[in-house]
Amino acid sequence: DSGVTQTPKHLITATGQRVTLRCSPRSGDLSVYWYQQSLDQGLQFLIQYYNGEERAKGNILERFSAQQFPDLHSELNLSSLELGDSALYFCASSPTSGRAGELFFGEGSRLTVL
Amino acid sequence: AQSVAQPEDQVNVAEGNPLTVKCTYSVSGNPYLFWYVQYPNRGLQFLLKYITGDNLVKGSYGFEAEFNKSQTSFHLKKPSALVSDSALYFCAVRDIGANTDKLIFGTGTRLQVFP
């Protein structure tokens, strides 16, 4: 158990809909990362937050947004969903930002868009 | 830009034999390299990392990795494979800059250990 909690574990929805994925980092970790894992594109970095502020942005679509709240949990919002958004979405946390430390991953949220 | 490459989609090995999962890197500056493992329907688990120092890094579950600067490689190894080692293995490099801080992952290598 990594200590990172993601909900929901599975989500099935229709095209055009909006979903919210939730992540609780390990106790005390200030950094939260979101990654998307799909069969054709592998593990893609989406976005990172550090202590409530956006720290780094990757291949995140404009239809997607994220935030980190004062209690350090984070949410990833996916809107106007398309079939291609079906993927496994991982949250990871680490205690620091800009340091060479490992990330601790949650079990992921599997999104299926029909 | 920082990147890692995993040239093998799959590696097959018999139980008890040594295993190697290959990774090469391309970085500017000093590399911070990682190996993660993903079991079916699970998240990624950290195995080991190289930051600086000894080129042979020991990690979890009996795995180790050898950093080779001249060959820009960071291969994952284990002296004696177990069936339970069968999983998806990812090499990663840390990309740190003024406006970036993330791990960049390779495409993954599926390790299959046969009894």
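For the structure, see preceding data.
Residues numbered from 1 in each chain as written. Chains lettered and ligands numbered in written order. Predicted model: local features only at pLDDT ≥ 70, side-chain atom pairs only at ≥ 80, totals over all residues. Heavy atoms only, no water.

A. Inspection of the overall build of chain B at higher detail. Each helix and strand in chain B was counted, giving 0 helices and 12 strands. Tracing chain B from N to C terminus, the helices and strands come up as β-β-β-β-β-β-β-β-β-β-β-β. Expressed as lengths along the three principal axes of its C-alpha atoms, the size of chain B is roughly 50 × 30 × 25 Å. Counting the 115 residues in chain B, one finds 47% classified as buried. Across chain B, every contact between residues at least 6 apart in sequence was considered, and the portion connecting residues at least 24 apart equals 55%. As displayed, chain B has an accessible area near 5400 Å², and 49% of this comes from carbon and sulfur atoms. Positive and negative side-chain charges of chain B, numbering 10 and 9 respectively, have mean locations separated by a distance of 4 Å. (Helix = DSSP H or I, 4+ residues; strand = E, 2+ residues; numbered from the N terminus. Buried < 20%, exposed > 50% of the residue type's maximum accessible area, 1.4 Å probe, protein only. Contact = heavy atoms within 4.5 Å. Areas by Shrake-Rupley, 256 points an atom, 1.4 Å probe, with all protein chains shown as cover. Lys, Arg positive; Asp, Glu negative; His and termini not counted. Charge placed at Lys NZ, Arg CZ, Asp CG, Glu CD.)

B. Summary view of the overall build of chain A. For chain A, the count of helices and strands is 0 helices and 11 strands. Computed over the C-alpha atoms, the radius of gyration of chain A is 13 Å, within 12% of the 13 Å expected from 2.2 N^0.38 for a compact globule of 114 residues. When the backbone C-alpha atoms are referred to their principal axes, chain A occupies close to 40 × 30 × 25 Å. Residue pairs in contact within chain A that sit at least 24 positions apart in sequence constitute 55% of those at least 6 positions apart. When the accessible surface of chain A is split by element, carbon and sulfur atoms take 47% of a total near 5400 Å². Side-chain charges of chain A comprise 9 positive and 12 negative groups, with the mean position of each set lying 1 Å from the other. (Rg over C-alpha atoms; globule rule 2.2 N^0.38 Å.)

C. Representation of the nonpolar core. In terms of nonpolar packing, the biggest core is built from 27 residues, with Trp-35, Leu-47, Leu-48, Phe-74, Leu-76 and Tyr-89 of chain B touching the most fellow members. Where this core is concerned, the elements lending two or more residues are strand E2 (10-14), strand E3 (19-21), strand E5 (33-38), strand E6 (44-50), strand E8 (64-68), strand E9 (73-78), strand E10 (87-97) and strand E12 (109-114) of chain B. In terms of residue count, E10 of chain B provides more of this core than any other element does, 4 residues in total. Not counting residues within four places of it along the chain, the set of residues in contact with Phe-74 of chain B comprises Cys-23, Leu-33, Phe-34, Trp-35, Leu-48, Lys-49, Tyr-50, Ala-65, Glu-66 and Phe-67 of chain B. By size, the runner-up hydrophobic cluster in this structure holds 20 residues, among which are Leu-21, Cys-23, Ile-60 and Val-113 of chain A. (Core = buried A, V, L, I, M, F, W, Y, C linked by side-chain atoms within 4.5 Å.)

D. Just the interface of chain B and chain A, in detail. Counting residues at the interface gives 23 residues for chain B, matched by 21 residues for chain A. For the pairing of chain B and chain A, the buried interface totals around 1800 Å² over both sides, and the portion due to carbon and sulfur atoms is 50%. When the buried area of chain B at its contact with chain A is split by residue, Leu-44, Arg-94 and Asp-101 of chain B rank highest and sum to 28% of it. The tally of links between chain B and chain A comes to 2 salt bridges. Between Lys-49 of chain B and Glu-102 of chain A there is a salt bridge whose closest N-O contact spans 3.0 Å. Linking chain B with chain A are 6 residue pairs in polar contact (both at pLDDT 80 or more). Among the secondary structure elements, those contributing two or more residues to the side of chain B that touches chain A are E5, E6, E10 and strand E11 (100-105) of chain B. (Buried area = accessible area lost by both parts, 1.4 Å probe. Salt bridge = Lys/Arg side-chain N within 4 Å of Asp/Glu carboxyl O. Polar contact = N/O pair within 3.5 Å; in protein donor to acceptor, adjacent residues only side chain to side chain.)

E. Focus on the packing of aromatic side chains. Applying the stated criterion across every chain yields a total of 16 aromatic pairs over all chains. A ring pair is formed by Tyr-25 of chain B and Phe-67 of chain B, whose centres lie 5.7 Å apart and whose planes are at 15°; its orientation type is stacked. Of this pair, Tyr-25 of chain B sits in strand E4 (residues 24-26) while Phe-67 of chain B sits in strand E8; the two residues are 42 residues apart in sequence, bridging distant segments of the chain. An identical accessibility class is assigned to Tyr-25 of chain B and Phe-67 of chain B; each is buried. Ring pairs connect the aromatic residues Tyr-33, Tyr-35, Phe-45, Phe-90 and Phe-105 of chain A together with Phe-34, Tyr-36, Phe-46, Phe-90 and Phe-105 of chain B, which therefore count as one cluster. (Phe/Tyr/Trp six-rings, centres within 6.5 Å; stacked < 30°, edge-to-face > 60°.)

F. Quick peek at the state of the cysteines. Applying the stated rule across the entire model yields 2 disulfides over all chains. Between the sulfur atoms of Cys-23 of chain A and its disulfide mate Cys-91 of chain A the distance is 1.8 Å. Measuring the twist about the S-S bond at about -55°, one finds the Cys-23 of chain A-Cys-91 of chain A disulfide to be left-handed. Of this pair, Cys-23 of chain A sits in strand E3 (residues 19-24) while Cys-91 of chain A is found in strand E9 (residues 87-94), placing the two residues 68 residues apart along the sequence. Cys-23 of chain A gets classed as buried once you look at its relative accessible area, which sits at 0%. Given a relative accessible area of 0%, Cys-91 of chain A falls into the buried group. Between the sulfur atoms of Cys-23 of chain B and its disulfide mate Cys-91 of chain B the distance is 2.0 Å. Between Cys-23 of chain B and Cys-91 of chain B, the S-S torsion sits near -60°, and that sign places the bridge as left-handed. Highlighted residues: Cys-23 of chain B in the loop between E3 and E4 and Cys-91 of chain B in strand E10, separated in sequence by 68 residues. A single burial state applies to Cys-23 of chain B and to Cys-91 of chain B, both of which are buried. (Disulfide = S-S within 2.5 Å.)

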